[in-house]
Amino acid sequence: MFADPTTFVNQGATAPVTPPPPPVAEILAEGIPASEIRPTVTRDGEDHDRIRRFLVSVLTPRYIAALEPKIRRLADRLVDELPADGRADFVNAFAYRLPLEVVLDLFGISGASGAQIHEWTTHAMSMFWGTFTLEEHLVAARGYVDFQRFLAETVQRARTGSGDDVVSRLVNLDIGGDAPLTDGEAVGLLLGLLSAGHETSMNLISLTMLQVLRSPSIWQRMIDDPSVIPAVVEEGLRFESPAHSIWRKAAADAELGGRTIAAGQRLSVVVGSANRDPAVFDHPSEFDPDRAFDSPHLSFGRGVHFCVGAPLARLEARVAFEVLTQRLPSLRLQPGFTPSYRPNSVQRFLERLDVEWDG
Ligand code: HEM
């Protein structure tokens, strides 16, 4: 499916899992029309390529490598700011903050607190792929529209200013004479980047942390020999699959795995399942950092939409674990902690991760 982006397209593939009932639709009508909100991952063909080319030109390997000292300082600061009583919800105290601050800095976004932007992206993710009660749906819709307004102001400032930051370059991007980016499209792209650029990394860091704290011998190995950390992160990507499912839509009748797919059908491709395929991975349901990856996992997708942020996500997770193992070697799960997950058809959101450490 990944190998055939002409038959299995992205446009129209990510329609909301829970269609908005009338009171929710009323709130959404105050925002930007859904047809204009088109993050990179919802585009196909040349329309997709030109945005992707821009992102690839920003997120170069050299640029990402140069971010390492900054990410390390940030991780250190987040550890300094942990509560003095030696207990915290790791998702809220660390895992979302590190990647969020990195993308806000990367895109030069200011004017709202990180906590506010995180709340908004949480609502945006739920609006696309969540399931909820009407009450929750109304709250998410309001947050989603507020987020659009904030981003619309950011886009306006960038259009009229003379800055050379990434947002200014993006909104003024010459993407072909016939189709300059509209304000709504620029909002949609930013919305996608801020969400994709931190929620997935947050999930990778928190889900991998859950696994290593469940296996104290692995945590101890990471403390004693930090060179094992990249392998732990890679196994975290495979084992937990932070983006566990990817949507596509069949543009034509097709055959896939012996099944007939009719044109127009949407497919939820569960990479979380592929990543535990016993025909590909030995002892797939075991978290094993010593695994030899004869075949790659699919956690960053494959093909024309392969995650442009993959090197950044790997760097953030590696630095996070390098800092945490050295600064908080006594880190452990709080007794009785039981993980729970936010319902979402694409992302695996650990709701909280209650940890403690010796002061
Ligand atoms: C652990 C962290 C991450 C995971 C698991 C992840 C996963 C993915 C996956 C599976 C896709 C492909 C979706 C598809 O084929 O439909 C994707 C695309 C994308 N990711 Fe990531 N991602 C992560 C981090 C990031 C970061 C840090 C950024 C940006 C700073 C980012 C930006 C993007 C963008 C812009 C796309 C769309 C690419 C395109 O359509 O050409 N991601 N990501």
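Please refer to the structure higher up on the page.
Quick look at the structure, then. Everything numeric in this text was worked out from a predicted model, so none of it was measured.

What counts and how
- Residues numbered from 1 in each chain as written.
- Predicted model: local features only at pLDDT ≥ 70, side-chain atom pairs only at ≥ 80, totals over all residues.
- Heavy atoms only, no water.
- Buried < 20%, exposed > 50% of the residue type's maximum accessible area, 1.4 Å probe, protein only.
- Helix = DSSP H or I, 4+ residues; strand = E, 2+ residues; numbered from the N terminus.
- Pairing = 2+ DSSP bridges.
- Near = heavy atom within 4 Å.
- Polar contact = N/O pair within 3.5 Å; in protein donor to acceptor, adjacent residues only side chain to side chain.
- Nonpolar A, V, L, I, M, F, W, Y, C, P; charged D, E, K, R; others polar.
- Axes fitted to C-alpha atoms, helices over the stretch in contact; angles between N-to-C directions.
- Parallel < 35°, antiparallel > 145°, perpendicular 65-115°, else oblique.
- Contact = heavy atoms within 4.5 Å.

1. Some points on the pairing of strand β3 (residues 246-250)
Inference 1: Of all 5 residues in β3, 4 are buried; the element is thus mostly enclosed.
Inference 2: Note that strand β1 (residues 8-9) and β3 share 2 bridges and pair antiparallel. For Val-9, the partnering residue across the bridge sits in β3 and is Lys-249.

2. Focus: the site of the ligand
Inference 1: Around the ligand, the structure places 25 residues, and the nearest of them are His-48, Arg-52, Arg-248, His-305 and Cys-307.
Inference 2: Take Asn-10: an N or O atom from its side chain is 3.4 Å from an oxygen atom of the ligand.
Inference 3: With respect to the ligand, the side chain of His-48 contributes an N or O atom lying 2.6 Å from an oxygen atom.
Inference 4: Within the residue set of the shell around the ligand, elements represented by two or more residues are α2 (45-58), α10 (183-196), α11 (199-214), β3 and α15 (310-327).
Inference 5: Class assignment of the residues belonging to the shell around the ligand gives a composition of 13 nonpolar, 10 polar and 2 charged.

3. Some words on the sheet that holds strand β6 (residues 266-269)
Inference 1: Pairing is antiparallel in the open sheet, where 3 strands are placed in the order β1-β3-β6. In this open sheet, the two edge strands, each paired with only one partner strand, are β1 and β6.

4. Side note on the packing of helix α7 (residues 114-129) against α10
Inference 1: Between α7 and α10, the least distance of the axes is 10 Å, while the angle of their chain directions is 105°. The angle between α7 and α10 places the two elements in the roughly perpendicular class. In contact with Ile-117, Thr-121, Ala-124, Met-125 and Phe-128 of α7, α10 contributes Leu-191, Leu-194, Ser-195 and Ala-196.
Inference 2: For the contact of α7 with α10, the per-class residue count stands at 7 nonpolar, 2 polar and no charged.

5. Examining the side chain of Gln-334
Inference 1: The topology assignment puts Gln-334 in the loop between β7 (332-333) and β8 (341-342).
Inference 2: Judged by its relative accessible area of 14%, Gln-334 is buried.
Inference 3: One polar contact links the side chain of Gln-334 to the main-chain carbonyl oxygen of Val-355, over a distance of 3.0 Å.
Inference 4: Discounting chain neighbours no more than four positions away, the residues touching Gln-334 are Arg-87, Ala-88, Asp-354, Val-355 and Glu-356.

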